[in-house]
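Here's the letter readout for the chains.
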Amino acid sequence: MSTTVETAIDIRPFHVEVPEEELAEMRRRIAAAHWPSKELVEDRSQGVQLATLQSLARYWTTDYDWRKAEAKLNALPQFTTEIDGVDIHFIHVKSPHADALPLIMTHGWPGSVIELLEAVGPLTDPAAHGGTAEDAFDLVLPSLPGYGFSGEPTELGWNVGRIARAWAELMRRLGYTRYVAQGGDVGAAVTDAMGRQAPEGLLGIHMNLLVTTLAGGPLPGNSEEERAGLDQIKTFRTSGYGYFLEQATRPQTIGYALLDSPVALAAWMLDHDTDAYYKISGAFVDGRPSGKLTRDHILDNITLYWLTGTGTSAARSYWENGQAAAAAAAAGQAPPQVSLPVGFTTFPDEIFRAPRSWVEQGYPNVAYYNKADKGGHFAAWEEPERFSAEVRAAFRSLRHE
C-alpha cells in the first residue's frame, strides 16, 4: 500500500498497491494449512464446517483475484488523514447532484469498507438506481482505527466514544457544517456515540443494529414480537457469542492465529451470526450467493484483513469497548440521552429483530422506524439497494433543516 506523505493535518490521497510477493505468500500459507477432522455434527454448532472452509480455501488459491478488488477501491477517491495520532483511511465520494446531504457511514466487524462499497452508487447517485436526485448523499466511508487501511492505535482508549469524536473531526476537516451518520454492528455503536455526543453539525443518526439492547438492561416482552426478539437475543448469547467474548476479553490470544494463518483468519471471520454464516457457506459450497454476499466479495473482505495485518488490532477494539463500558458502570455513569432525530431499520435476518418499542426505549426521538422485507446482519453488503432505500427514507425529513 502506498500514500502521499505530507504534513499530519493534511488530507492525503491514498492508493492501494499490494506487491505480488505478498499475494504469493498468502496463497502459499493457504495451501500449507493443517486441517482438522470433520466436525461431528451436521450443522454449525461446533463452529465453521470443514467443507465450507475447504471450499473457500480452494477458491481463494485458484480462482480469486485480489487485483479486481484493488481496482474497485482505486476507482474511488481514497484518502488518509491523521486524527488524534492515528492515520484514518476513508473513501470520499461526492454526489453528482447539487445539495447532496453529507453522510458518514461506519462499517462493523468482521466487515470493513468493503461491505459498504455496493451502496456507494445507490447513495451518491440515487437517480441511477430507482430513486430521485433529491435523496443524494455526499458519502464518507472511514475505516475504523486498527481495521484495514487505517492505522493501528498504539495507545489505550480507542473505544467507540473516541472514534465518534474522531469522525466529527473528520467531517469538520472535510468542510461539512451539517451532516448525518449511519452504522451497523460496531458502526452502530460508533453512530450511537455520535448521537450522544451531538457534535456541532450532526443532524441525525440511523442504525440497523440496536446496540442499546446489548448492554443487558431489561426489555419489554409483552407482545409476540417482543418475546420473539428476546428468544433471538438469548440464542445469540448462549450459542453465538464466542467471538464476542474472546475479542472483548482476550484479543491478543486469538490475534496470533489471525496474523499467522489466512485459513484461521477466514474461519474466525466466518464464525459470526448464523444467518450470515449459512449464506456465505452456501456461496462457497453450493454456488448460491445471497444477494451481493458472493465468493469474491467475501474474499475481498478477508483478504483486506490479511494483507493489512489487522486481525489483532480489530479484535482489540472489542476489548476497548468492554473496558470503557465496565469503567462507566463501576462509576455509575449513565450515557447521555440522544436528543437528535433517530432512524432505525430492522432487517428480518438480523441477529435479533428489534421491535419499535425497544428502539423507543433506547431513544426518545425516533423519527423513522421500518421493518425491511429482506436482508440480514450485513444488509448494506447483501442487499445494497434495499439498504440504501432505507437510509434515504430515514434522512429525508432532515435535508432542509
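Our subject in this report is the structure included herewith. Starting afresh in each chain, residues are numbered from 1 along the sequence in its written order. The predicted nature of this model means local features are confined to residues of pLDDT at least 70 and side-chain atom pairs, given and counted, to a pLDDT of 80 or more, with totals for whole chains, interfaces and linings taken over all residues. Side-chain measures here rest on the full set of heavy atoms in the structure, leaving out hydrogens and waters.

### Let's talk about the packing of helix α9 (residues 251-260) against helix α10 (residues 262-270)
No. 1: With axes taken as lines fitted to C-alpha atoms, and helix axes fitted only over the stretch in contact, angles between N-to-C directions fall between 0 and 180 degrees. We count a stretch as a helix when DSSP gives it H or I for four or more residues in a row; a strand needs E for two or more, and each element gets its number in order from the N terminus. Here α9 crosses α10 at 120 degrees, and the two axes come no closer than 5 Å. In terms of axis orientation, α9 runs oblique to α10. Contact with α9, carried on its side by I254, A257, L258 and D260, involves P262, A264, L265 and W268 of α10 and no other residues of that element.
No. 2: Taken together, the residues that form the contact of α9 with α10 break down as 7 nonpolar, no polar and 1 charged. Geometric relationships in this document are graded by angle, where less than 35 degrees denotes roughly parallel, more than 145 denotes roughly antiparallel, 65 to 115 denotes roughly perpendicular, and other angles denote oblique. Two residues qualify as a contact provided that any one of their heavy atoms is within 4.5 Å of a heavy atom in the partner residue. For this classification, the nonpolar set comprises Ala, Val, Leu, Ile, Met, Phe, Trp, Tyr, Cys and Pro, the charged set comprises Asp, Glu, Lys and Arg, and every other residue, Gly included, is treated as polar.

### Re the environment of N159
No. 1: Positionally, N159 belongs in the loop between β6 (137-142) and α5 (160-173).
No. 2: Along the sequence, N159 and P145 sit 14 residues apart, while their C-alpha atoms lie 9.6 Å from each other.
No. 3: When near neighbours in sequence (up to four residues on either side) are disregarded, N159 contacts E320, N321 and A324.

### Quick look at the side chain of D273
No. 1: Looking at where D273 falls in the secondary structure, it is placed in the loop between α10 and α11 (274-285).
No. 2: The buried label goes to any residue with under 20% of its type's maximum accessible area, the exposed label to any with over 50%, and the partly exposed label to all in between, with areas taken from a 1.4 Å probe on protein chains only. Only four residue types enter the charge count: Lys and Arg as positive, Asp and Glu as negative, with His and the chain ends excluded. Salt bridges are identified by distance alone: a Lys or Arg side-chain nitrogen within 4 Å of an Asp or Glu carboxyl oxygen. Within the buried core, D273 has no salt-bridge partner, and the shortest N-O distance to an opposite charge, that of R44, equals 6.9 Å.
No. 3: Contact partners of D273, with chain neighbours within four places excluded, come to R44, D349, I351, H377 and F378.

### Observations concerning the layout of surface pockets
No. 1: Cavity means a closed set of points on a 1 Å grid over the protein atoms alone, one where a 1.4 Å probe fits but cannot get out, pocket means an open set with protein on both sides within 12 Å along at least 5 of 7 lines, and lining means a residue has an atom within 4 Å of a point. Grid points are joined across faces, edges and corners, and a volume is the space filled by probe spheres set on the points. In this model, the largest pocket occupies a volume close to 1500 Å³.
No. 2: Around the largest pocket, the lining comprises 45 residues; the ones closest to its centre are V160, D192, V211, A215 and A325.
No. 3: Only α5, α6 (186-197), α8 (242-249), α13 (311-330) and α14 (356-362) provide two or more residues apiece to the lining of the largest pocket.
No. 4: It is α13 that contributes the most residues to the lining of the largest pocket, 8 residues altogether.
No. 5: Along the lines of polarity and charge, the residues of the lining of the largest pocket split into 26 nonpolar, 14 polar and 5 charged.

### Thoughts on the pairing of strand β4 (residues 86-93)
No. 1: Burial runs high along β4: 7 of the 8 residues are buried.
No. 2: Pairing of strand β3 (residues 78-83) with β4, which is carried by 6 bridges, proceeds in the antiparallel orientation. By the bridge assignment for β4, F79 is matched with F90.
No. 3: A pair of strands counts as paired when DSSP detects no fewer than two bridges linking them. Between the antiparallel neighbours β3 and β4 lie 2 residues, among them D84 with a positive phi of about 55 degrees.
No. 4: Two strands pair when backbone bridges link them, and β4 and β6 are joined in this way by 4 bridges, in the antiparallel orientation. Its bridge partner lying in β6, V93 is registered against L139.

### Here's the deal with the pattern of salt bridges
No. 1: Tallied over the entire structure, the rule returns 27 salt bridges.
No. 2: A salt bridge links R28 to E25, with the nearest nitrogen and oxygen atoms 2.8 Å apart. In this pair, R28 and E25 are both assigned in helix α1 (residues 20-31), 3 residues apart and thus about one turn of the helix distant.
No. 3: We classify R28 as partly exposed; its relative accessible area is 46%.
No. 4: Among the ionic pairs, E169 bridges to R173, the shortest N-O distance being 3.0 Å. Taken together, the residues span about one helical turn, with E169 and R173 both in helix α5 at a distance of 4 residues.
No. 5: Shared partners join several salt bridges into a network, and the residues in it are E20, R27, R67 and E70.

### Focus on α9
No. 1: Looking at α9, one finds that the buried residues are P251, I254, G255 and L258. Buried residues of α9, seen end-on, are gathered within an arc of 115 degrees and therefore sit on one face of the element. Facing away from the buried surface of α9 by more than 90 degrees, the exposed residues are T253 and Y256.
No. 2: Against α8, α10, α12 (295-308) and α13 lie the buried residues of α9. Along the arc lie the directions from the helix axis toward the C-beta atoms.

### Topic: helix α16 (residues 384-395)
No. 1: Over its 12 residues, α16 runs 17 Å from end to end, which matches the ideal 16 Å to within 8%, given 1.5 Å per residue.
No. 2: Three or more residues of α16 are buried, namely P384, F387, S388, E390, V391, R392, A394 and F395. Multiplying 1.5 Å by the residue count of a helix minus one yields the expected span of that helix.

### Some thoughts on the nonpolar core
No. 1: Only buried residues count toward a nonpolar core, which is a set of Ala, Val, Leu, Ile, Met, Phe, Trp, Tyr and Cys residues joined through side-chain atoms within 4.5 Å. Counting residues in hydrophobic clusters, the biggest one holds 118 residues, and the most contacted among them are W66 and I302.
No. 2: Here this core gets 8 residues from one element, more than from any other, and that element is α5.
No. 3: Setting aside residues up to four positions removed in sequence, W66 forms contacts with V16, V18, L23, L73, D300, T303, L304 and L307.

### A short note on the packing of helix α3 (residues 66-74) against α12
No. 1: Packing of α3 against α12 brings their axes to within 10 Å, and their N-to-C directions diverge by 85 degrees. The pairing of α3 with α12 is recorded here as roughly perpendicular in orientation. Across the interface between the two elements, W66, A69 and K72 of α3 pack against H297, D300, T303, L304 and L307 of α12.
No. 2: In the contact of α3 with α12, the residues fall into 4 nonpolar, 2 polar and 2 charged.

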